[in-house]
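Given next are the chains, with one letter for each unit.
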Amino acid sequence: MTVSVRAPAKVNLYLAVGAPRPDGYHPLATVFQAVDLYDTVTVRPADEITLQMGGIGAHLPTDYTNLAMRAAVHLAEFADVEEGADIFVEKRIPIAGGMAGGSADAAGTLVALDRLWALGLSQEQLLRIGAELGADVPFCLMGGTALGMNRGDELTPLLSRGKYSWVFVTQEAGLSTPDVFRRFDLEGPEAPEVPEVDTRFLAALAQGDTEFVARHAQNDLGECALAMHTDARAIMDACHRASLPAIVSGSGPTIAVFVSQDECLDSLTELMQEAVPTAQCVAARGPVPGAHVV
Ligand code: C5P
């Protein structure tokens, strides 16, 4: 038996960040959207748990430092499973790009092994296990469009009408999420204790006013990420010059460009590569469901 799961990347349409808590995590008020850029996790029965990485992640470690491996071991312990599994992750989501690729792999692994090991866990149980692995894992399980509070792991599904078309401009070199948060603490503006999402933004999402959403999307980590990545800054400047609404995705350095259907990927790629020759562009649409068996 083989089980394959597709796990989506995310973009934060809105990311408000508060002052750090004693445990180092930051309270967030964020609107997540899952997009149709997927990593695929395939699992097969085995005596031990092993991990192999493929696609653009073929060079990544396959030991316990990989969140997919941690997810498998954690799930086996939680459910008292003695069997193993061979896990293969085919990676397409940019690495260290601010799109929750590692969290998607963990979410995909949980869903795949739940099926392979016939555990029959509820979505609620999976969400709880996911939250122990990382702040973005629950959203990669849930998908759609959701409000994330606390560490970003307390989720409420949001009413969101319409489809969003994106071009994600990715970079060769990634950014470390903890480093970006650290810079936010050092250089960021006075951060509130309890960050909030503007209610007009939520109303626009519910009404399907994609133009309002594109114009008012915001990311409190954006300036910090751009200050740490000159190529991402150059891409953002190019977007501004071309009047393209764009935001930093999560902790960056991927830039998420809101596009209308008639914008052509080829011409956008050309424009972006004039600014940064090594930049890559990938088109995606959202929202889409969370990690699911295919
Ligand atoms: O939970 P996860 O391991 O994905 O988070 C990676 C890092 O991002 C954390 O170690 C922390 O430095 C930072 N982070 C944060 N506040 C959040 C989420 C993540 O400071 N709400």
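Scroll up a little and you will see the structure.
This one's a predicted model, so the numbers in the text were calculated from it and none came from an experiment.

K.L.:
Quick one: what's the story with the overall build of the protein, residue by residue and with numbers?
P.N.:
Helix and strand counts for the protein stand at 10 helices and 12 strands. Taken over C-alpha atoms, the radius of gyration comes to 19 Å for the protein, in line with the 19 Å a tight globule of 294 residues would show. Taken along its principal axes, the extent of the C-alpha atoms in the protein is 55 × 40 × 35 Å. Here the protein holds 294 residues, and the buried ones make up 53% of them.

K.L.:
Tell me about the site of the ligand, and name the residues and values.
P.N.:
Taken together, Gly24, Tyr25, His26, Leu28, Gly134, Ala135, Arg151, Thr177, Pro178 and Phe181 make up the full set of residues near the ligand. Measuring from an oxygen atom of the ligand, one finds a side-chain N or O atom of histidine 26 at 2.6 Å. Between a nitrogen atom of the ligand and a main-chain N or O atom of arginine 151, the distance comes to 3.1 Å. With the chains in place, 75% of the 450 Å² that the ligand exposes on its own is no longer accessible.

K.L.:
Quick rundown of the nonpolar core? Include the residues and the values.
P.N.:
Among the nonpolar cores identified, the biggest contains 64 residues, and Leu13, Val35, Ile87, Leu110, Leu113, Trp166 and Phe258 are the most heavily contacted of them. In this structure, isoleucine 87 is in contact with Val41, Thr42, Val43, Ile49, Thr50, Leu51, Gln52, Ala72, Thr109 and Leu113, ignoring residues within four places of it in sequence. The next biggest cluster of nonpolar side chains, apart from the first, holds 28 residues, and it includes Val169, Val180, Met236 and Cys281.

K.L.:
How would you summarise the packing of aromatic side chains if you had to cite specific residues and measurements?
P.N.:
Going through the model one piece at a time under the given rule, you end up with 4 aromatic pairs. Judged by centre distance (4.9 Å) and plane angle (55°), the ring pair of tyrosine 14 and phenylalanine 201 falls under tilted. Of this pair, tyrosine 14 sits in strand β1 (residues 3-17) while phenylalanine 201 is found in helix α6 (residues 199-207), placing the two residues 187 residues apart along the sequence. Using a relative accessible area of 7% as the deciding quantity, one classes tyrosine 14 as buried.

K.L.:
How would you summarise the packing of helix α1 (residues 67-79) against helix α2 (residues 101-116) if you had to cite specific residues and measurements?
P.N.:
Between α1 and α2, the shortest axis-to-axis distance is 8 Å and the interhelical angle comes to 35°. Relative to α2, the crossing made by α1 is right-handed. In this structure, α1 contributes Leu67, Ala68, Ala71, Ala72 and Leu75 to the contact, and α2 contributes Gly102, Ser103, Asp105, Ala106, Thr109, Leu110, Leu113 and Asp114.

K.L.:
Can you lay out the layout of surface pockets for me, pointing to particular residues and giving the numbers?
P.N.:
Each pocket or cavity is described by its volume, and for the largest pocket that value is around 1,100 Å³. Looking at the largest pocket, it is lined by 43 residues, and the ones nearest its centre are Ser103, Asp136, Thr177, Pro178 and Ser251. Within the residue set of the lining of the largest pocket, elements represented by two or more residues are β1, β2 (28-46), α1, α2 and α5 (177-187).

K.L.:
For the pattern of salt bridges, give the residues involved together with the corresponding values.
P.N.:
Going through the model one piece at a time under the given rule, you end up with 8 salt bridges. With a closest N to O distance of 3.1 Å, lysine 91 and aspartate 105 form a salt bridge. Of this pair, lysine 91 sits in strand β4 (residues 84-91) while aspartate 105 sits in helix α2, and the two are 14 residues apart along the sequence. Of the residues examined, aspartate 105 reaches a relative accessible area of 2% and is grouped as buried.

K.L.:
Break down α5 for me, with residues and values.
P.N.:
Those residues of α5 not exposed but buried are Val180, Phe181 and Phe184. Seen end-on, α5 carries its buried residues on one side only, within an arc spanning 100°. Along α5, exposed side chains directed more than 90 degrees from the buried face belong to Leu186 and Glu187. In this fold, the buried residues of α5 make contact with β1, β2 and α8 (222-227).

K.L.:
Give a description of the packing of α1 against helix α3 (residues 123-133) that names residues and reports values.
P.N.:
Contact pair α1 / α3: the axes reach a minimum separation of 10 Å and the direction vectors enclose 130°. Here α1 is positioned oblique relative to α3, judged by the angle of their axes. Crossing of α1 against α3: the hand is right-handed. Contacts between α1 and α3 pair Leu67, Arg70, Ala71, His74, Leu75 and Phe78 from the former with Gln125, Ile129, Glu132 and Leu133 from the latter. Partitioning the contact of α1 with α3 into residue classes produces 6 nonpolar, 2 polar and 2 charged.

About the thresholds
All residue numbers here refer to positions counted from 1 along the written sequence of the relevant chain. Only residues with pLDDT of at least 70 are given local features in this predicted model, and only at 80 or more are side-chain atom pairs given and counted; all residues enter the totals for whole chains, interfaces and linings. With hydrogens and water stripped out, all remaining heavy atoms of the structure feed into the side-chain values. Secondary structure elements are defined from DSSP: runs of H or I of at least 4 residues count as helices, runs of E of at least 2 residues count as strands, and each element is numbered from the N terminus. For the radius of gyration, the atoms used are the C-alpha atoms, and the globule rule reads 2.2 Å times the number of residues raised to 0.38. Throughout this description, buried means an accessible area under 20% of the type-specific maximum (1.4 Å probe, protein chains only), exposed means over 50%, and partly exposed covers the range between. Nearness of a residue to a molecule or strand requires only that one of the residue's heavy atoms be within 4 Å of it. Think of a polar contact as two N or O atoms within 3.5 Å of one another; within protein, one of them needs to be a possible hydrogen donor and the other a possible acceptor, and neighboring residues in sequence only count if both atoms come from side chains. All accessible-area figures derive from a Shrake-Rupley calculation using a 1.4 Å probe, and residue coverage is judged against the displayed protein chains alone. To form a nonpolar core, buried Ala, Val, Leu, Ile, Met, Phe, Trp, Tyr and Cys residues must be joined to one another through side-chain atoms within 4.5 Å. Only heavy atoms matter for contacts: two residues are in contact if any of them lie within 4.5 Å across the pair. Two rings belonging to Phe, Tyr or Trp (six-membered ring only in the last case) form a pair when the distance between their centres is within 6.5 Å. Interplanar angles under 30 degrees mark stacking, angles over 60 mark edge-to-face geometry, and anything in between is tilted. Interaxial angle, 0 to 180 degrees, is taken between N-to-C directions of lines fitted to C-alpha atoms, where a helix line uses only the stretch in contact. Whether a crossing is left-handed or right-handed is set by the direction in which the near helix is turned from the far one by less than a right angle, anticlockwise for left-handed and clockwise for right-handed. A cavity here means a set of points on a 1 Å grid, drawn over the protein atoms and nothing else, where a 1.4 Å probe fits but cannot get out; a pocket is an open set with protein on both sides within 12 Å along at least five of seven lines, and a residue lines either one if it has an atom within 4 Å of a point. Grid points are joined across faces, edges and corners, and a volume is the space filled by probe spheres set on the points. Here, a salt bridge means any side-chain nitrogen of Lys or Arg that lies within 4 Å of a carboxyl oxygen of Asp or Glu. Directions pointing from the helix axis toward each C-beta atom define the arc. Every angle not falling under 35 degrees, over 145, or within 65 to 115 is termed oblique; those three ranges are roughly parallel, roughly antiparallel and roughly perpendicular. Residues are grouped as follows: nonpolar covers Ala, Val, Leu, Ile, Met, Phe, Trp, Tyr, Cys and Pro; charged covers Asp, Glu, Lys and Arg; every other residue, Gly included, is treated as polar.

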